[in-house]
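Residue-level structure breakdown
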Number of protein chains: 2
Amino acid sequence: MPYGTKSLATVERYALENAEFLASIGIKMLVVACNTASALALPAIRSHIGIDVVGVIGPGGRKAVEVTKCERPNIAVIATEATVASNAYAESIRRACENASIYQAACPLFVPLAEEGWTNEPETNSIAEKYLSGVRDFKPDALVLGCTHYPILRDVIQKTVGENVRLIDSGEATAEEVERILGQKGLMNPNVVSGDRSLCDDLDHFYVTDAADRFARVAERFLGAKPSKLEAIEIFGKDALK
Amino acid sequence: MPYGTKSLATVERYALENAEFLASIGIKMLVVACNTASALALPAIRSHIGIDVVGVIGPGGRKAVEVTKCERPNIAVIATEATVASNAYAESIRRACENASIYQAACPLFVPLAEEGWTNEPETNSIAEKYLSGVRDFKPDALVLGCTHYPILRDVIQKTVGENVRLIDSGEATAEEVERILGQKGLMNPNVVSGDRSLCDDLDHFYVTDAADRFARVAERFLGAKPSKLEAIEIFGKDALK
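This is a predicted model, so every value here is computed, not measured.

Cut-off values and rules
Residues numbered from 1 in each chain as written. Chains lettered and ligands numbered in written order. Predicted model: local features only at pLDDT ≥ 70, side-chain atom pairs only at ≥ 80, totals over all residues. Heavy atoms only, no water. Helix = DSSP H or I, 4+ residues; strand = E, 2+ residues; numbered from the N terminus. Buried < 20%, exposed > 50% of the residue type's maximum accessible area, 1.4 Å probe, protein only. Polar contact = N/O pair within 3.5 Å; in protein donor to acceptor, adjacent residues only side chain to side chain. Contact = heavy atoms within 4.5 Å. Pairing = 2+ DSSP bridges. Right-handed = clockwise from strand over helix to strand, strands pointing away. Axes fitted to C-alpha atoms, helices over the stretch in contact; angles between N-to-C directions. Buried area = accessible area lost by both parts, 1.4 Å probe. Salt bridge = Lys/Arg side-chain N within 4 Å of Asp/Glu carboxyl O. Expected span 1.5 Å × (residues − 1). Least-squares fit on C-alpha atoms with pLDDT ≥ 70 in both. Phe/Tyr/Trp six-rings, centres within 6.5 Å; stacked < 30°, edge-to-face > 60°. Domains from an automatic or database assignment.

Residues and elements named next belong to chain B. Here His149 is to be found in the loop between strand E5 (142-146) and helix H8 (154-161). You can call His149 buried: its relative accessible area is 11%. A distance of 3.1 Å separates a polar atom in the side chain of His149 from a polar atom in the side chain of Thr148. In this structure His149 touches Val111, Ala114, Glu115 and Phe222, once residues within four positions along its chain are discounted.

Moving on: the pairing of strand E1 (residues 29-32) of chain A. Residue and element names in this part refer to chain A. The pairing of E1 with strand E2 (residues 52-55) spans four bridges and is classified as parallel. From the neighbouring strand, Val31 faces E2, where its bridge partner is Val54. In this fold, the crossover linking E1 to E2 by way of helix H2 (residues 35-48) has right-handed handedness.

Moving on, we get to the sheet that holds strand E5 (residues 142-146) of chain A. Residues and elements named next belong to chain A. On the basis of which strands lie adjacent, the open sheet formed by four strands has the order E4-E3-E5-E6 and parallel pairing. At either end of the open sheet lies a strand with only one pairing partner, and these are strand E4 (101-106) and strand E6 (166-169). Pairs of neighbouring strands in the sheet enclose a mean axial angle of 20°, with direction left out of account. Note that strand E3 (residues 74-79) and E5 share five bridges and pair parallel. Bridging across to E5, Ile78 finds its partner in Leu145.

Once that is clear, we can look at the interface of chain A and chain B. Listed by partner, the interface residues are 28 residues for chain A and 28 residues for chain B. Taken over both partners, the interface formed by chain A and chain B buries close to 2,400 Å², and the fraction arising from carbon and sulfur atoms is 56%. Three residues, Leu109, Glu123 and Lys130 of chain A, lead the burial of chain A against chain B; their summed loss comes to 21% of the area buried on that side. On inspection of chain A and its partner chain B, the count reaches eight salt bridges.

The next point concerns helix H11 (residues 212-223) of chain A. In this model, H11 of chain A (12 residues) spans 15 Å end to end at C-alpha, consistent with the 16 Å of a helix rising 1.5 Å per residue. On its buried face, H11 of chain A sits against helix H6 (110-116) and strand E8 (230-232) of chain A together with helix H4 (81-86) of chain B. Just downstream of H11 of chain A lies Gly224 of chain A, where phi reads positive at about 85°.

Okay, the relation of the copies chain A and chain B next. Once chain A is rotated about the relating axis by 180° and shifted along it by 0.0 Å, it coincides with chain B to within an RMSD of 0.0 Å. Here the two chains are linked by the operation of a two-fold rotation axis. Comparing interface residues between copies, 100% of those in chain A also sit at the interface in chain B, which points to an isologous, same-surface contact.

With that out of the way, let us pick up unusual backbone geometry. Residue and element names in this part refer to chain A. The omega torsion across Met1 and Pro2 is 0°, close enough to zero to call that bond cis. Here Pro2 lies in the segment before helix H1 (8-24). Here the phi dihedral of Lys139 falls at roughly 50°; this positive angle occurs in a residue that is not glycine. By secondary structure assignment, the location of Lys139 is in the loop between helix H7 (122-137) and E5. A residue is classified by how much of its surface remains accessible, and Lys139, at 63% relative accessible area, is exposed.

On to the environment of Thr36 of chain A. Residue and element names in this part refer to chain A. Secondary-structure assignment places Thr36 in helix H2. Side chain to side chain, Thr36 and Thr80 meet in a polar contact 2.9 Å long. Within the structure, the side chain of Thr36 is placed 3.1 Å from the side chain of Thr83, a separation counted as a polar contact.

The next thing to look at is the packing of aromatic side chains. Here the structure, examined in full by the defined rule, presents 14 aromatic pairs over all chains. Look at Phe21 of chain A and Tyr207 of chain A: their rings are 5.1 Å apart centre to centre, the planes differ by 75°, and that puts the pair in the edge-to-face class. Remark: Tyr207 of chain A occurs in strand E7 (residues 206-208) and Phe21 of chain A occurs in helix H1; sequence separation between them is 186 residues. An aromatic cluster is built from Phe110, Tyr131 and Tyr150 of chain A together with Trp118 of chain B, whose rings are joined through pairwise contacts.

Turning our eyes to something else, we now look at the side chain of Glu115 of chain A. Counting through the fold element by element, Glu115 of chain A comes out in helix H6. Residues in contact with Glu115 of chain A, not counting those within four places in the same chain, are Met1, His149, Arg214, Val218 and Arg221 of chain A.

Attention shifts here to the domain arrangement of chain A. All names here are of chain A. What the domain assignment lists for chain A is domain 1 (8-57 + 172-232) and domain 2 (59-168). Placing the centre of domain 1 and that of domain 2 at their C-alpha centroids yields a distance of 22 Å. For the pairing of domain 1 and domain 2, the buried interface totals around 1,500 Å² over both sides, and the portion due to carbon and sulfur atoms is 56%. For the domain 1 face of the interface with domain 2, the top three residues by lost area are Ile57, Arg221 and Phe222, together amounting to 37%. Taken together, the connections running from domain 1 to domain 2 amount to three salt bridges.

See the structure below:
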């Protein structure tokens, strides 16, 4: 990481290598939880992996249409440069509602601001004003937070675009879709109670490809606690592209 | 890139792969112009490459000592997380002057701010105030700009730490060292007039390992003009570590 400034070919290669590693340890479903990897690499991953693969773009886009009831909605998307350039969110939203007006903006500084944990600093407010002035002028009904890191800055973003704009967390929308698919296919783990984090903590297993210490520190901002089971692995020069 | 948030092993691997590629096209000297790669990977590169290898840490550290005359100087260093953690600048400065007092600070947002080209925005001033308050309290005689991107923010940094602090651009210090070594070894190109950029433009040849369009756009901020000869190459899964 970051994926948001890399080319299609590189994002695809990294995403495929990661996906093949995860498939090799015996998972029942793969969630591509990175918006940039979802936007650029989902077809490649699906054609290489023999299990269900869920990205965050489809669920996020559909959710935005759902909450705005699809009556000529204005839907804004903020994401990385690569995700915006891919147009994947616009396509996902149009598939769900062809009348939607769409506005996209890249917010490159939001990722490093979230990683610094600057959720409430005046600088973050001021940068949000700059990045989101176009979004505000567009008067969106919903705004998709199209990058894993942006929900960390949710309060600043909501304040900047106005309280009446519905924020869509693609991660939440994806979790709902995962629950639905697992239920349909009878793949749900009967021992896990929905919403009970304490049980999940025992089941979580994090694999990181680099800088495990840094990951643990940054992940705490997202999870509310240090990742319990964290394992450094090496994925490079593998034959993922065969 | 960015290298500043990656582990020693990963920075070393990338730097070695890049160095071996450059050595393979027949260069007479290698300048490792990235501070993080210089801090972490110089010994590995030197042991793999049969030509002169110059990093930016040594020249930058020595220059800081030189301009402060080494009378118990206070020398501050700002750099990436990885460069600060490596302690390479502190070691380089102490080798040149064992009486030096040293203060180091990581400034993670400076790289993305420089890439956005926000050299004169109020947000950049305000972030510089936050990052550099410790530097200012330290009352440095010299401040080393220990990351390729920081000279882009030179004016903001100078204003924040005060006009009496001597800013050290490691890139400039390294260029002086390169000129000296080439001269000593009789390797200077007699056709290039020092300081004549127009001639250099014809000689420059940029190889990029990813996202060439993005590189061209960002490089313009550093070079003052788009890179003239830009070539995308693939370096991965090579046998650099053998």
